[in-house]
Amino acid sequence: MKIAIEGCMHGDLDNVYKTIQHHEQIHNTKVDLLLCCGDFQAVRNEKDMDSLNVPRKYREMKSFWKYYSGQEVAPIPTIFIGGNHEASNYLWELYYGGWAATNVYFLGYAGVVKFGNLRIGGLSGIYNERHYRSGHFERPPYNESTIRSVYHVREYDVQKLMQLEEPLDIFLSHDWPFGITDYGDSESLMRQKPYFRQEIEERTLGSKPAALLLEKLKPRYWFSAHLHCKFAAAVQHGNDGTVTKFLALDKCQPGKKFLQIIEIESEPGPFEVLYDEEWLSITRKFNSIFPLTRRYANFSAAGMDIQESREWVRKKLEERQFKSFEFARTVPTYNPSQRNFDPIPEIPQNPQTLSLLELLGLPYILDSSPVTGERTNIQASLAPSDLPMYDSEEIPIDDIDEIEEMEKAKADDPTRDET
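This one's a predicted model, so the numbers in the text were calculated from it and none came from an experiment. (Residues numbered from 1 in each chain as written. Predicted model: local features only at pLDDT ≥ 70, side-chain atom pairs only at ≥ 80, totals over all residues. Heavy atoms only, no water.)

1. With respect to the packing of aromatic side chains
Applicable threshold: Working definition: rings of Phe, Tyr and Trp (its six-membered ring) pair if their centres are within 6.5 Å, and the pair is stacked with planes under 30 degrees apart, edge-to-face with planes over 60 apart, and tilted otherwise. The helix count covers DSSP runs of H or I at least four residues long, the strand count covers runs of E at least two residues long, and both are numbered beginning at the N terminus. Exposed residues in this analysis have more than 50% of their type's maximum accessible area, buried residues have under 20%, and partly exposed residues fall in between, with area computed by a 1.4 Å probe over protein chains only.
The final tally for this structure, using the stated rule, is 27 aromatic pairs. Geometrically, the ring pair formed by Y68 and Y90 is edge-to-face, given 5.7 Å between the ring centres and 85 degrees between the ring planes. Of this pair, Y68 sits in helix α2 (residues 64-69) while Y90 sits in helix α3 (residues 88-93), and the two are 22 residues apart along the sequence. Aromatic pair Y156 and F286: ring centres 6.4 Å apart, planes at 55 degrees, arrangement tilted. Placement of Y156 in helix α5 (residues 155-162) and of F286 in helix α9 (residues 277-286) is noted, with a sequence separation of 130 residues between them. One exposure class covers both Y156 and F286, and it is buried. Grouping aromatic residues by their ring pairs yields a cluster made of F40, F64, Y68, F80, Y90, F106 and F327.

2. Topic: helix α10 (residues 307-319)
Note the cut-off: Expected helix span is computed as 1.5 Å times (number of residues minus one). Should any heavy atoms of two residues lie within 4.5 Å, those residues are considered in contact.
Under the 1.5 Å per step criterion, the end-to-end length of α10 is 19 Å for 13 residues, consistent within 8% with the ideal 18 Å. Lining the buried residues of α10 we find β13 (273-275), α9 and α11 (351-360). Phi turns positive one or two residues past the end of α10, at Q321, with a value near 60 degrees.

3. Re the sheet that holds strand β8 (residues 170-173)
Condition: A strand pair is defined by DSSP finding two or more bridges across the two strands. Lines fitted to the C-alpha atoms define the axes, with helices restricted to the stretch that makes contact. Angles between their N-to-C directions range from 0 to 180 degrees.
Pairing is mixed in the open sheet, where seven strands are placed in the order β10-β11-β9-β8-β7-β6-β13. Lying at the two open borders of the sheet, with one neighbouring strand each, are β10 (231-236) and β13. On average, adjacent strands in this sheet sit at an angle of 25 degrees to one another, irrespective of strand direction. Where strand β9 (residues 221-224) meets strand β11 (residues 243-248), four bridges bridge the pair, whose relative direction is parallel. Residue pairing in the sheet places Y221 in a bridge with K245 of β11. Of the strands in this sheet, β6 (110-115), β7 (118-123) and β13 are in contact with α9, which crosses β6 at around 155 degrees.

4. Structural notes on the environment of H10
Put simply, the rule reads: What qualifies as a polar contact is a pair of N or O atoms within 3.5 Å, subject to a donor-acceptor requirement within protein and to the restriction that residues adjacent in sequence count only when both atoms come from side chains.
Locating H10 in the fold gives a position in the loop between β1 (2-6) and α1 (13-27). A polar contact of 2.9 Å, which involves the side chain of H10, links it to the side chain of Q41.

5. Some points on the pattern of salt bridges
Here the idea is simple: oppositely charged side chains can pair when their charged atoms come close. For the record, the criterion: Counted as salt bridges are all cases of a side-chain nitrogen of Lys or Arg within 4 Å of a carboxyl oxygen of Asp or Glu.
Following the criterion strictly, the structure yields 20 salt bridges and no others. In this structure, E166 engages R119 in a salt bridge whose closest nitrogen and oxygen atoms are separated by 4.0 Å. With E166 in the loop between α5 and β8 and R119 in strand β7, this pair connects stretches of sequence that are 47 residues apart. The class for E166 is partly exposed, based on a relative accessible area of 30%. Judged by its relative accessible area of 4%, R119 falls in the buried class. R119 is paired through a salt bridge with E278; the nearest N and O atoms lie 2.5 Å apart. One end of the pair, R119, is in strand β7; the other, E278, is in helix α9, and 159 residues separate them in sequence.

6. Here we look at the side chain of E278
Take E278: its relative accessible area is 2%, and that puts it in the buried class. Here the side chain of E278 touches E165 through a polar contact of 2.8 Å, landing on its backbone nitrogen. One polar contact links the side chain of E278 to the main-chain amide nitrogen of E166, over a distance of 3.4 Å. The residues touching E278, leaving out its near neighbours within four places in the chain, are R119, Q163, L164, E165, E166, I306 and R310.

7. Observations concerning the nonpolar core
Heads up, the rule is: Definition used in this section: a nonpolar core is a set of buried Ala, Val, Leu, Ile, Met, Phe, Trp, Tyr and Cys residues joined via side-chain atoms within 4.5 Å.
Counting 127 residues, the largest nonpolar core has I3 and F223 as the members making the most contacts within it. Sequence-distant contacts of I3, defined by excluding residues within four places in its chain, comprise V31, L33, L35, L118, I170, Q260, I261, I262 and I264.

8. Considering the sheet that holds β1
Across the sheet, which stays open at both edges, the six strands sit in the order β4-β5-β3-β2-β1-β12 with mixed pairing between neighbours. The sheet is open, and its two edges are formed by β4 (98-101) and β12 (259-263), each paired on a single side. Neighbour to neighbour, the strand axes of the sheet diverge by 25 degrees on average, direction disregarded. Looking at chain direction, β1 and β12 are connected through five bridges and run antiparallel.

9. A few points about the pairing of β6
Look at any regular strand and the pattern is simple: side chains alternate between the two faces of the sheet. Extensive coverage of β6 is indicated by the burial of five of its six residues. Note that β6 and β7 share six bridges and pair antiparallel. Residue K114 lies in a different strand from β7, and its bridge partner there is R119. Hairpin connection from β6 to β7: two residues lie between these consecutive antiparallel strands, with G116 at a positive phi of about 65 degrees. Relative to β13, β6 runs antiparallel, the two sharing three bridges. Pairing of V113 across the sheet is with Y275, part of β13.

Here it is in structure tokens:
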């Protein structure tokens, strides 16, 4: 199976697909799957821009809306995770995973699926210690605080992934696992990105939860993005253990190393995205402690034995042959020739999410109050004055676009006062 891996998409689906198709024509080959490591920016319309945490100069519709509307269809099955520049309102609709557009699958805030006989897992967002143990308290419409915290990785999602026992072939994360630079050419990386040196030397670069997952899951491949550069590493687990091949890639721009195509041995197709039995069993078991306020989850209440849940899930999945539910639009699509001012529900109940929860015998709780955890028909996001205003991020390297702009300005004018 030939798999294309892409770094930060930033909404440039057209350009990524054209690049892959160009490769296919030149090499007379066929790519079976595209994996995207975050900052996908699944922006469907003008309203979604309100949930996209990027500087205003970067706020563009880009091309995802065409795939959401059906004007374009992804020519290659695509699986992606979320990063720190996303239409977070849409990804919350698909918290458990689902089709963001025809042939474009979101793995969820955390998730595992099968594609052919390959098992692919992923964790959306970036690590920030301040919010790691919090519940998912953010709801659209977001304020200046929650639009930044909504994409911070939570312990709840990491603990679900830590329950996995069966081998993973591929894992996706947006930020890099902590310590990964120890296993590659870090000197070359620091020459390429000098402002990484302090982070690497002070051992503050990367995600600690991702490092825990790397140590526990030991996938054959791990792909990341976020820091806008290409970096490879090989992590051997124990003296004689298996090896995880790590690769980080850049963002989709001319001259950037944003795409890599690899070949993995697999059974012959046809290939399609299928639900993973073990993952859905974990999801069903852990949903009873889903933390929907600032309070962290009580993991002792979930119980770690998922065997009973697994047998229940297996029967359900066999009935529908493990196939995921079909894509469904929930909001009006952007129209370049006509602004849409129709009211859009802040938290639409996505039919895919409803169907999946019904399959698993679980209630729909994504519209619960971020204060009480109880379901509410009133949009309960707190006003900016009701919440403490946090620093934009606690980890030093976060918005790499802004850091790169500062470094470029400094190089163009060495006398420039950085303050």
